[in-house]
Structures are given as C-alpha cells and as structure tokens.
Amino acid sequence: MKLASATQRFLAWAIDFQLNWLLVGGYLFLSSVNFVNVDDLVGMSVVGLTIFLWLAIISSPYYAYFTSRFGGTIGKLVLGIQVVDESRKNHLTFWMSYFRSTIGYMVSNMLFGLGFYWIIRDPNRQAWHDKLVGSFVVTKPAKSPAQTIVGLLLVLAVFIVNLFFFLALIANVVSNQSLQADWNARFGQSTAPMIKSP
C-alpha cells in the first residue's frame with residue numbers, strides 16, 4: 001500500500017477539526033444572540049473554550065474507536081487514507097489507537113509540534129506518534145468517484161456552516177448596541193471602541 005502524503009494527513013486533520021469546531025461555533029453563535037453586556041461576552045467565550053477543551057478530551061476515544069474499527073477518523077475516511085499496523089494490513093487495536101491519540105499526540109506536540117512535521121522528513125512518513133505504536137498511514141484502495149465527491153461535499157458543507165457561524169458571531173458583536181454601551185461605560189471613551197459599527 002502506498003504511504004499517505006503529508007498533505008493528505010493535514011487535510012484529514014483539518015476535516016476533523018472543522019467537525020469539532022462545528023459544535024463550538026454553533027454554541028457561540030446561538031449564545032451571541034442573547035448577550036447584552038461585556039460579562040455575557042466573557043462568559044460565552046469561557047463556556048465556548050470549555051466546550052472546545054471538553055471536545056479535545058472526548059476526541060481521544062472517538063479517534064481510537066474510529067481508527068480501530070474503520071482505519072481512521074472521518075477526515076481520513078473522506079480522503080481515502082487509513083492507519084494500519086506494522087504489517088500494513090490490519091487496523092490498530094482500540095488500546096493502541098487510544099495510546100496513539102493521547103500519549104502519542106502529546107509527544108508529537110512537543111517542541112512546537114515537531115513530531116507532526118516529522119512526516120515531511122521521515123522516509124516512511126511517520127509522525128512521532130506513529131513511531132511510538134508502529135503505525136503507518138496509507139492510502140486505501142481507490143473508491144468510486146461518487147464516494148469521494150459526496151465526502152468532499154460534506155466537508156465543504158461543514159466548512160460553510162462554520163464560516164456562517166463565525167461571520168454571524170462577528171455581526172452580532174458589531175451590531176449589539178447594548179454591548180457597545182456597556183463597553184464604553186466600563187472602559188470609558190478614552191479607549192477605542194471594540195469595533196465601530198457602520
């Protein structure tokens with residue numbers, strides 16, 4: 001089997017990140033409709049960060065389950081790549097996948113993520129977390145073009161929804177007059193307004 005490229009692996013990560021962010025972005029957008037002062041804005045941000053951190057914690061079992069059962073996360077599956085063991089034939093076990101996505105990712109994150117960039121340099125395209133468990137990321141046998149197109153359309157749809165949430169959140173902050181008034185009351189006119197609305 002052919003080794004997956006660094007680009008394929010990065011795009012798979014980006015897809016999984018977008019799926020996680022969909023929940024956080026949706027919460028932030030829905031919360032931004034109701035806030036009226038700076039405290040609400042700060043509270044919404046703290047809860048959003050908490051949700052994101054919680055997703056990071058629960059994502060390890062998600063990564064482990066999908067990798068052991070299907071060979072990869074949704075991002076990898078959409079891009080037609082999979083994680084296999086040293087024989088390059090079998091999926092990792094759940095516990096090997098779990099170790100790879102917890103301890104392994106922590107090791108790869110050391111030194112500003114050098115372990116992830118190692119894929120570019122390594123002849124087997126292994127990141128440090130792959131080396132720890134003896135895994136390889138390979139391309140799956142070709143799937144039908146229809147499957148690829150459907151997968152990419154789903155990814156595009158998630159990206160568009162996330163972009164909508166982000167832009168709507170910004171619009172809600174900019175157009176919120178009570179938030180602007182509270183900001184000016186707390187920090188005075190001597191500071192620049194948060195964002196001037198048109």
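Every chain's residues receive numbers from 1 upward, in the order its sequence appears when written. Reporting of local features is limited, given that this is a predicted model, to residues whose pLDDT is at least 70; pairs of side-chain atoms are given and counted only at 80 or more, and all residues count toward the totals for whole chains, interfaces and linings. The basis for every side-chain value is the complete set of non-hydrogen atoms in the structure, without hydrogens or water.

S.K.: Describe helix H1 (residues 6–32), naming the residues involved and giving the relevant values.
M.R.: Helix and strand labels come from DSSP, where a helix needs a run of H or I of at least four residues and a strand needs a run of E of at least two; each type is numbered from the N terminus. A helix's residues, less one, multiplied by 1.5 Å, set its expected span. The end-to-end C-alpha distance of H1, which contains 27 residues, comes to 37 Å, matching closely the 39 Å that a straight helix rising 1.5 Å per residue would cover. A bend of about 30° at Trp21 is the largest found in H1. To obtain the bend at a residue, axes are fitted to the seven residues ending there and to the seven starting there, and the angle between these axes is taken.

S.K.: I'd like to hear about the environment of Phe52, residue by residue, with values.
M.R.: Summarising the element assignment, Phe52 is placed in helix H2 (residues 38–70). For Phe52, a relative accessible area of 25% corresponds to the partly exposed category. Separated by 15 residues in sequence, Phe52 and Asn37 have C-alpha atoms that sit 23 Å apart. What makes two residues a contact is simply this: any of their non-hydrogen atoms within 4.5 Å. Excluding residues within four positions of it along the chain, Phe52 makes contact with Phe17, Trp21 and Val24. Burial classes follow relative accessibility: with a 1.4 Å probe on protein chains only, a residue under 20% of its type's maximum area counts as buried, one over 50% as exposed, and anything between as partly exposed.

S.K.: How would you sum up the confidence of the model for the protein chain? Please name residues and give values.
M.R.: Overall, the prediction assigns the protein chain a mean pLDDT of 83, with 94% of residues at 70 or greater. Taken element by element, the predicted model of the protein chain shows its lowest mean pLDDT in helix H7 (residues 177–187) (80) and its highest in helix H5 (residues 128–133) (95). Note on scores: pLDDT gives the predictor's confidence for each residue, bounded by 0 and 100.

S.K.: Tell me about the packing of aromatic side chains, and please be specific about residues and values.
M.R.: Aromatic pairs are defined between Phe, Tyr and Trp rings, using the six-membered ring for Trp, whenever the two ring centres lie within 6.5 Å; interplanar angles under 30 degrees are classed as stacked, those over 60 as edge-to-face, and all others as tilted. In the structure shown here, the tally under the stated rule is 14 aromatic pairs. Ring centres 5.7 Å apart and planes at 55° place the aromatic pair Trp118 and Trp128 in the tilted group. Of this pair, Trp118 sits in helix H4 (residues 94–121) while Trp128 sits in helix H5, placing them ten residues apart in sequence. Taking the centre distance of 5.9 Å and the plane angle of 50° together, the rings of Phe164 and Phe165 count as tilted. Using a relative accessible area of 16% as the deciding quantity, one classes Phe165 as buried. Taken together, the ring pairs in this structure connect Tyr62, Tyr63, Tyr65, Phe66, Phe70, Tyr105 and Phe116 into an aromatic cluster. As a reminder, the over-ring test applies to NZ of lysine and CZ of arginine, requiring each to be within 6 Å of the ring centre and within 35 degrees of the ring normal. In this structure, Arg88 is placed above the aromatic ring of Phe136, and the distance from its NZ or CZ to the ring centre is 4.1 Å.

S.K.: Now, about the packing of H2 against H7: what can you tell me, with residues and values included?
M.R.: Interhelical geometry of H2 versus H7 gives an angle of 105° and a closest axis separation of 8 Å. With respect to H7, the axis of H2 lies roughly perpendicular. Where H2 approaches H7, its residues Val38, Asp39 and Leu41 are matched on the opposing element by Leu179, Asp182, Trp183 and Arg186. Polarity classes work like this: nonpolar for Ala, Val, Leu, Ile, Met, Phe, Trp, Tyr, Cys and Pro, charged for Asp, Glu, Lys and Arg, and polar for all others, with Gly in that last group. Its residues placed into classes, the contact of H2 with H7 shows four nonpolar, no polar and three charged. Between N-to-C directions, angles cover 0 to 180 degrees, with each direction set by a line fitted to C-alpha atoms, over the stretch in contact for helices. Should an angle fall under 35 degrees it is taken as roughly parallel, and over 145 as roughly antiparallel, whereas 65 to 115 is taken as roughly perpendicular and any remaining angle as oblique.

S.K.: Describe a nonpolar patch on the surface, listing the residues and the values that go with them.
M.R.: Together, Ile149, Leu153, Leu156, Phe159, Ile160, Leu163, Phe166, Leu167 and Ile170 line one region of the surface with nonpolar side chains, adding up to about 840 Å² of accessible area. Summarising the element assignment, Leu153 is placed in helix H6 (residues 145–175). Residues with no salt bridge and a relative accessible area higher than 30% make up the patches, which join like charges within 9 Å and nonpolar side chains (Val, Leu, Ile, Met, Phe, Trp, Tyr) within 5 Å. Throughout, the Shrake-Rupley method with a 1.4 Å probe supplies accessible areas, and for residues the shown protein chains are the sole cover considered. For this document, the term salt bridge refers to a Lys or Arg side-chain nitrogen within 4 Å of an Asp or Glu carboxyl oxygen.

S.K.: Can you break down the side chain of Ser97 residue by residue, with the values?
M.R.: Summarising the element assignment, Ser97 is placed in helix H4. With relative accessibility at 3%, the residue Ser97 sits in the buried group.

S.K.: If you had to explain unusual backbone geometry to someone new, which residues and values would you point to?
M.R.: If you check the backbone angles, Leu111 has positive phi at about 55° while not being a glycine. The residue Leu111 is located in helix H4 in this model.

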